[in-house]
Amino acid sequence: MKNKYNFDTAKPHSIKKFEMISSYTDAWARKILGFQKSEGLVYIDCMSNCGYYLDDDSNMVEGTAIKVVKALEKLSENYPQKTIDIYFNDYEQWKVDYLKAAINSLGVKKVEIHYSNLDSSEFLNSLSLKTFSNKSTLLIYDPFKAAIDWDALQPYLNGWCEVIINHMIHDTTRGAKQAKKQEVIDRYEQTYKCSINEILNICTDRDKLDSIVIDIIEKSVSNNPREHYIASFPFYNRTKGLVYNLLMCTSNIEGMKLYKKVAWKNFGNRSSTKKDFVNTQLQFSFDDGSIEMETDEHCYNITDIAMYVYNKYHTSGKVLLDIVYYDLDRHPIFPTDGYKNDIKNELKSLYGVSFQHINGKQYVLFK
C-alpha cells in the first residue's frame, strides 16, 4: 500500500501534533457550538494531506483531518441547529481523492465538507471570510517545510479566526545553509521577511527564528483594534532535537487559554516533551529576595509557574488572585484553565503562601 499511495511517515512528534490539533479543535468546537448566539463554525486545513500516515512500524495512523472529522461529526449530534463546515485542501490530487474516499467510508452526514486541490496560498485567497462572518473560524496552516505566505494569512490573522501555524524550524536550521536554488532562497526569505544572509547569521538559533515569526505576526495585527494573543509550543524528536513550533494567534482570550490548556495536557502537564523531568532545586537570591531554580525554558512545569508568580508578586505582600490569573491568561506559555488548583498547591508547598477571602475577593498572601 505504501508503494501505491506513497503515504508520508508520521514520527512520534507528528502523531503528538495530530493529537494536539484535534484535541484543541474538539474543545474549541464545544465552546463555540455551546454558545447560544453561535450559528456554527468553520474549520479550514489548507495542507490537509490524505488523512492517513504510516508510523515507524509501517502501521496506518490517523492524521489530523480524519481525527477532526470524527470529532466534529460526533459533536454535531448535540447541536443539530448549528452548521459545521470543513474545508480540506492539498496540492497533490491523489491526497485529496484519498481523503475524500476515506471520509466517505466513515458515513459522515452531519458536517459539510468541501475539498480543493490548489496551492495553499491560492486556496486561502479563493475563500471569502465575509461568507463566514457569523461563524467562528479555525485555520490550520501546517506546511512540511519552512514556508509561510504571510500575505495569504493576513486576512485570517486579522479576522475572527483562530490561526494555528506550524513553524518548521528544523527545515531552516538544516536547509538554509545548503540553499542554492533561487526558489528555495525566496521561500526562506518570504517566511522570515529578511535576506538569506540575515537568516544564515541566525539559523542555528532556534529561539531567534521563532521570535522572528512571532514578530511578523505581531506586526501583521498591529493595526487591528482588537488585542491579539500568541502562544508557541515546541515539538521535539526522540533525540530531543527541536523539529517545529506550533503557534496559535487569536483575538479571543478564551481561545488563548484553551490552547495552552490543551497543549499542557498533550505534553503530560508540561510545556513540551523535551525532558522527562525538570530539576526543581530552589536557589534564594540575597539581592532581591527572589527564588530561582534550575529549569529549562523549553520545558516548563507547574513549579515554574509558581516560581514566576512568586518572584513577580511576593514583594507586594498580597495580591488579588484574579490579577495573577489575568497575568497568566496572557502569558505565551503558562496556562490557568485546568491548572488553578495545581498552581495554588505549588505556591503553598514551595513558598508557604496562603489564600484568604477579603470582602468577597480572594487574595494571595505572601510571607
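Source: prediction; values computed, not measured.

Side note on the sheet that holds strand 6 (residues 136–141)
Strand pairing in a sheet is mediated by backbone hydrogen bonds. Such pairs are either parallel or antiparallel.
Now for step 1: Ordered in space as 5-4-1-6-7-9-8, the 7 strands form an open sheet in which the pairing is mixed. Each edge of the open sheet is held by one strand with a lone partner, namely strand 5 (112–116) and strand 8 (229–236). Strand-to-strand twist across the sheet, computed as the mean angle between neighbouring axes with direction ignored, equals 15°.
Now for step 2: Direction of pairing for strand 1 (residues 40–45) relative to strand 4 (residues 83–89): parallel, over a ladder of 6 bridges. Bridged to G40 within strand 4 is T83.

Observations regarding the pattern of salt bridges
Now for step 1: Scanning the entire structure with this criterion turns up 16 salt bridges.
Now for step 2: Here E92 ties to K95 by a salt bridge, and the two come within 3.0 Å at their closest N and O atoms.
Now for step 3: Judged by relative accessible area, which is 35%, E92 ranks as partly exposed.
Now for step 4: Look at K95 and you get buried, because its relative accessible area is 7%.
Now for step 5: In the salt-bridge network here, residues are joined through shared partners; they are D8, E92 and K95.

Structural notes on the environment of A147
Now for step 1: With respect to the element layout, A147 can be found in the loop between strand 6 and helix 6 (150–158).
Now for step 2: Dropping the residues within four chain positions of it, A147 is found in contact with Y141, R187 and T191.

Comments concerning the packing of aromatic side chains
Now for step 1: All chains considered together, the criterion is met by 16 aromatic pairs.
Now for step 2: On the numbers, 5.5 Å between centres and 70° between planes, the contact of Y308 with F334 is edge-to-face. Of the two residues, Y308 is situated in helix 12 (residues 302–313) and F334 in the loop between helix 13 (321–329) and helix 14 (340–351); the sequence distance between them amounts to 26 residues.
Now for step 3: Here Y308 falls in the partly exposed class, since its relative accessible area comes to 24%.
Now for step 4: F334 sits in the buried class, given a relative accessible area of 4%.

Points about unusual backbone geometry
Now for step 1: Phi angles above zero are rare outside glycine, and N49 is one such case at about 60°.
Now for step 2: Inspection of the secondary structure puts N49 in the loop between strand 1 and strand 2 (52–54).
Now for step 3: Owing to a relative accessible area of 8%, N49 belongs among the buried residues under this scheme.
Now for step 4: Even without being a glycine, K193 presents a positive backbone phi close to 55°.
Now for step 5: Turning to its location among the elements, K193 is positioned in the loop between helix 8 (182–192) and helix 9 (196–202).

Here we look at the side chain of N89
Now for step 1: Secondary-structure assignment places N89 in strand 4.
Now for step 2: For N89, a relative accessible area of 0% corresponds to the buried category.
Now for step 3: Of note is the side chain of N89, whose polar atom sits 3.0 Å from the backbone oxygen of C46.
Now for step 4: Ignoring sequence-local partners within four residues, the contact set of N89 consists of D45, C46, M47, S48, S116, N117, L118, D119, S120 and F123.

Focus on the pairing of strand 7 (residues 161–167)
Now for step 1: Taken across its 7 residues, strand 7 has 7 buried, putting it largely inside the fold.
Now for step 2: Across 5 bridges, strand 6 lies against strand 7 in parallel orientation. The residue of strand 7 that forms the bridge with Y141 is I165.
Now for step 3: Sheet topology places strand 7 next to strand 9 (residues 242–250); 5 bridges connect them, and they run antiparallel. If you follow I164 over to strand 9, its bridge partner there is M248.

Criteria and cut-off values
- Residue numbering note: each chain is counted from 1, following its sequence as written.
- The predicted nature of this model means local features are confined to residues of pLDDT at least 70 and side-chain atom pairs, given and counted, to a pLDDT of 80 or more, with totals for whole chains, interfaces and linings taken over all residues.
- Excluding hydrogens and water, the side-chain figures rest on all heavy atoms present in the structure.
- Pairing between two strands is assigned when DSSP locates at least 2 bridges connecting them.
- Every helix listed is a DSSP run of H or I at least four residues long, and every strand listed is a run of E at least two residues long, numbered separately from the N terminus.
- Interaxial angle, 0 to 180 degrees, is taken between N-to-C directions of lines fitted to C-alpha atoms, where a helix line uses only the stretch in contact.
- Any carboxyl oxygen of Asp or Glu that lies within 4 Å of a side-chain nitrogen of Lys or Arg is treated as forming a salt bridge with it.
- Partly exposed describes any residue whose relative accessible area lies between the buried limit of under 20% and the exposed limit of over 50%, with all areas from a 1.4 Å probe on protein chains only and scaled to the type maximum.
- Contacts are residue-level and defined by heavy atoms, with any inter-residue pair within 4.5 Å sufficient.
- Only rings of Phe, Tyr and Trp enter the pairing, Trp through its six-membered ring, and a pair is recorded when the two centres are within 6.5 Å. The plane angle decides the type: under 30 degrees is stacked, over 60 is edge-to-face, the rest tilted.
- Within 3.5 Å is the distance limit for a polar contact, defined as a pair of N or O atoms, with the added protein rule that one can donate a hydrogen and the other accept it, and that residues adjacent in sequence qualify only through two side-chain atoms.

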